[in-house]
Amino acid sequence: MLTIKNLKAKVETDEGGKEILKGLNLNVNAGEIHAIMGPNGSGKSTLASVLTGRDGYDVTEGEVLFEGKDLLEISPEDRARQGIFLAFQYPVEIPGVSNTNFLKTAINEIRKSKGEEPMSSVEFLKLIKEKAKLVGLDPQMISRYVNVGFSGGEKKRNEIFQLAMLDPKLSILDETDSGLDIDALRAVAEGVNKLKTKDNAFIVITHYQRLLDYIIPDFVHVMYQGRIVKSGGKELALQLEDQGYDWITDPKEEASV
Amino acid sequence: MNNTETEITDLKTKLISEFQDFEKNLNGEAETTLHFIRKDAFENFKELGFPIKKLEDWKYTNLNPALKQNFIQSFTEYTPALKKEDIEKYLIKNSGINLLVFVNGHFDIGLSHIETKNDKVYIGSFSEGMKDHKDVIEKHFAKIAAYDKNGFVALNTAFAKDGCFIYVKKNYEVKEAVHILNISDAQSESYFSQLRKLVVVEEGGSINIATDYHTIGDQKCFTNAVTEIFCGMNSKVEHYKIQNEGENSYHVGTTQVHQEKDSRFSDTTISWGGAITRNDLNSVFDGTNTECHFYGLYLLTGRQHVDNHTLADHKMPHCYSNELYKGIIDGNATGVFNGKIMVREDAQKTNAYQSNNNILLSDDATIYSKPQLEIFADDVKCSHGATTGQLNPDEMFYLQSRGIGKENARTLLLYAYASDVIDSIKIDELREMVVKKLEMKLK
């Protein structure tokens, strides 16, 4: 589904740019959950930004193919229309735009790009009801302005609700667990588990192993200095929890493991 | 003296001779109290003339090129020319609404429709109102809007004859809103219209008034509007001004409000038409515990120019004023915001807030924003602020990342930005019209 080859990217700065991604490789197939872990500043969120097309990043080398097509050439909205979704680390508040209006516009633009008719209001309301129940979101939140006055946990849950509504092929969860109490964390994870099918895939970016108790990854990757330096199964996350990142990031210790 | 100034002087000279004609046409009215006011106002106009750019209040708005046009004053007999179908699209779709139509400043009785008729209220023209309510008109006319400082107000007062008069008696709540439709008929001639409106709401009365301005035809036209609103004790007045004029239209308007104890006044001014627009909105709080809200939205493109001057004048203690003006400026357009909060010495325990936000959509769009706070009392809560920026890129990206295209994302955000001003309109059908127009303008 997603192939990243030798991806190098700079973040634009006043001094011309700082290289954050330094040759990253990753393969994600349908039906898989990949966890990307790593210490602060290793480039995890930059990867999410580059994959979804946020302004302010320059790809200097490498390629990203999504279902065989070059992803980096197209606009953020076209990436979304082709089935890429980012659950934001810091979802923005948009006063004046209701969740319903926002989602209806999004769904209908995605449908339009596929040559489909707009969704009827009846169908839309039914979908809202069904997905709100699935992710455990209070239906009252849906008529409110996007994220305005939502708690941290409600914002993250709203991200998962949007994910459920848009039904993407590849979802990237950028530190969705950070700042959540255990109940909110469990609710978000349950939502993801319910939404997982053999046809879609997830990249779960996290700083903590905690989330992976609830969302069981097929692969765990450790990112360090803009590269994936170690990959393994779910047991790798546990090992990181026990031993920290030092044994991976410090080459001397790596030799002794 | 340069050319422009000569030509403006010509217009002034022309107006002086026209005033003499105007007086001749008044017949028996020439000896009335009202006419003494007109004459006095005209003397003031001769003294003041049209404002020039050198005046601080007119620094950014130059009307002299517009005044060069050879305008016709239309103060003589009015012959109705417009038909119902000409104005159909401007009507507020609510069967219970009072409709007053003015064409180039003249009341058109055939196009108007008064729904609320009883002895508690008068809604209609000035001249008709004089028959039964002469005392009320004489008591308030030209007493609220001073004509010794602003040449446009003086000129308007001098020629005021066929304007609008609304009178709400004690404790009467007018349930049906009033729609005052002002049309500039610029199909064949260039008119300089003097629009006058006097609203008197007595103690405990309430009314909602929507005034909008349209142009039919492509000739140049100039509208000079003066509205006086008297809010009696504990009265409630909502006033909406929607400027939909054509691209060859010029508009200068003063809304002057006098608020007595415990009254509540709210104004929403939406400007998105016209070549050059200048609005002055002033409210004086002449009693304790008065409340006042000013909402404004200006959406400008091309070479449009809109200048909003507002004043919340706190003269008495325990009053509240809140102001929110928002601008969206594109193309080569220019916006001016000059909002003043005056807190006089006696106005202790004042709460006064003001905010002016602007989004500039192009590199050539300009805003001059000047919030002013003058405080002479020591126990008050006041704040003011102005922001100018572009659309928030994080919000744009958030919408795009959900599949919403750039154009639609922009429209959604601008619509959301304007919505708190739009939501201040309490006449549902009018708000829907404004929303539709906004959506059209943002596309």
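### Some details on the environment of Leu198 of chain B
- For Leu198 of chain B, the location among the structural elements is in strand S7 (residues 191-201).
- What Leu198 of chain B contacts, discounting residues up to four positions off in sequence, is Phe126, Ile137, His140, Phe141, Ile144, Cys164, Phe165, Ile166 and Glu228 of chain B.

### Remarks on the sheet that holds strand S6 (residues 84-87) of chain A
All names here are of chain A.
- With respect to topology, 6 strands assemble into an open sheet ordered S6-S9-S10-S3-S11-S12, the strand pairing being mixed. The sheet terminates laterally at S6 and strand S12 (227-232), the two strands that pair on one side only. On average, each strand axis in the sheet is tilted by 20° relative to the strand beside it, whichever way the strands run.
- Bridge analysis of strand S3 (residues 33-37) against strand S11 (residues 219-224) gives 4 bridges, and the strand direction is parallel. Within S11, the position partnered with His34 by the bridge is Phe219.

### Thoughts on the packing of helix H4 (residues 121-135) of chain A against helix H6 (residues 152-166) of chain A
All names here are of chain A.
- Two numbers describe how H4 lies on H6: the axes approach to 9 Å, and their chain directions differ by 130°. Comparing their axes, H6 and H4 come out oblique. Between H4 and H6 lies a crossing of right-handed hand. Touching Phe124, Leu127, Ile128, Lys131, Ala132, Leu134 and Val135 of H4 are Arg157, Ile160, Phe161, Ala164 and Met165, all from H6.
- Among the residues making up the contact of H4 with H6, the classes are represented as 10 nonpolar, no polar and 2 charged.

### Comments concerning the sheet that holds strand S5 (residues 69-70) of chain A
Residue and element names in this part refer to chain A.
- With antiparallel pairing, the 4 strands of this open sheet are ordered in space as S2-S1-S4-S5. Because the sheet does not close on itself, it has two edges, and the strands there are strand S2 (18-28) and S5.
- Here strand S1 (residues 2-11) runs beside strand S4 (residues 57-66); their pairing, made up of 8 bridges, is antiparallel. Within S4, the residue paired with Ala9 across the bridge is Val59.
- Together, S1, S2 and S4 form the strand contacts of helix H1 (residues 44-52), whose direction differs from that of S1 by roughly 105°.

### What about the confidence of the model for chain A?
Residues and elements named next belong to chain A.
- Summary statistics for chain A give a mean pLDDT of 90 and a share of 97% for residues scoring 70 or more.
- No element of chain A has a lower mean pLDDT than helix H10 (residues 251-256), which averages 47, and none a higher one than helix H2 (residues 76-81), which averages 97.
- Low pLDDT (under 50) marks residues 253-257, which in the prediction has 5 contacts with non-local residues, meaning those over four places away or in another chain.

### Some remarks on the domain arrangement of chain B
Residue and element names in this part refer to chain B.
- Domains assigned within chain B are domain 1 (1-253), domain 2 (288-390) and domain 3 (400-443).
- On a C-alpha basis, the centroid separation for the pair domain 2 and domain 3 is 22 Å.
- At the interface, 13 residues of domain 2 touch 11 residues of domain 3.
- Interface of domain 2 and domain 3: buried area, both sides summed, is about 1,000 Å²; carbon and sulfur atoms make up 77% of it.
- The three residues of domain 2 that bury the most area against domain 3 are Leu297, Leu299 and Lys326, which together make up 44% of that side's buried surface.
- Run the count over domain 2 and domain 3 and you get 2 salt bridges.
- With a closest N to O distance of 3.0 Å, Lys326 and Asp420 form a salt bridge.
- Where domain 2 meets domain 3, there are 5 residue pairs in polar contact (both at pLDDT 80 or more).
- Broken down by secondary-structure element, the contributors of at least two residues to the side of domain 2 that touches domain 3 are strand S14 (291-300), strand S16 (320-329) and strand S18 (351-360).
- In terms of residue class, the side of domain 2 that touches domain 3 is built from 7 nonpolar, 4 polar and 2 charged.

### Examining the side chain of Thr116 of chain B
Residue and element names in this part refer to chain B.
- Here Thr116 is to be found in the loop between strand S3 (106-107) and strand S4 (121-125).
- Within the structure, the side chain of Thr116 is placed 2.7 Å from the side chain of Glu176, a separation counted as a polar contact.
- Dropping the residues within four chain positions of it, Thr116 is found in contact with Asn98, Val121, Ile123, Tyr172, Val174 and Glu176.

Rules of the game
- Residues numbered from 1 in each chain as written.
- Chains lettered and ligands numbered in written order.
- Predicted model: local features only at pLDDT ≥ 70, side-chain atom pairs only at ≥ 80, totals over all residues.
- Heavy atoms only, no water.
- Helix = DSSP H or I, 4+ residues; strand = E, 2+ residues; numbered from the N terminus.
- Contact = heavy atoms within 4.5 Å.
- Pairing = 2+ DSSP bridges.
- Axes fitted to C-alpha atoms, helices over the stretch in contact; angles between N-to-C directions.
- Parallel < 35°, antiparallel > 145°, perpendicular 65-115°, else oblique.
- Left-handed = near helix turned anticlockwise from the far one by under 90°.
- Nonpolar A, V, L, I, M, F, W, Y, C, P; charged D, E, K, R; others polar.
- pLDDT = per-residue confidence, 0-100.
- Domains from an automatic or database assignment.
- Buried area = accessible area lost by both parts, 1.4 Å probe.
- Salt bridge = Lys/Arg side-chain N within 4 Å of Asp/Glu carboxyl O.
- Polar contact = N/O pair within 3.5 Å; in protein donor to acceptor, adjacent residues only side chain to side chain.

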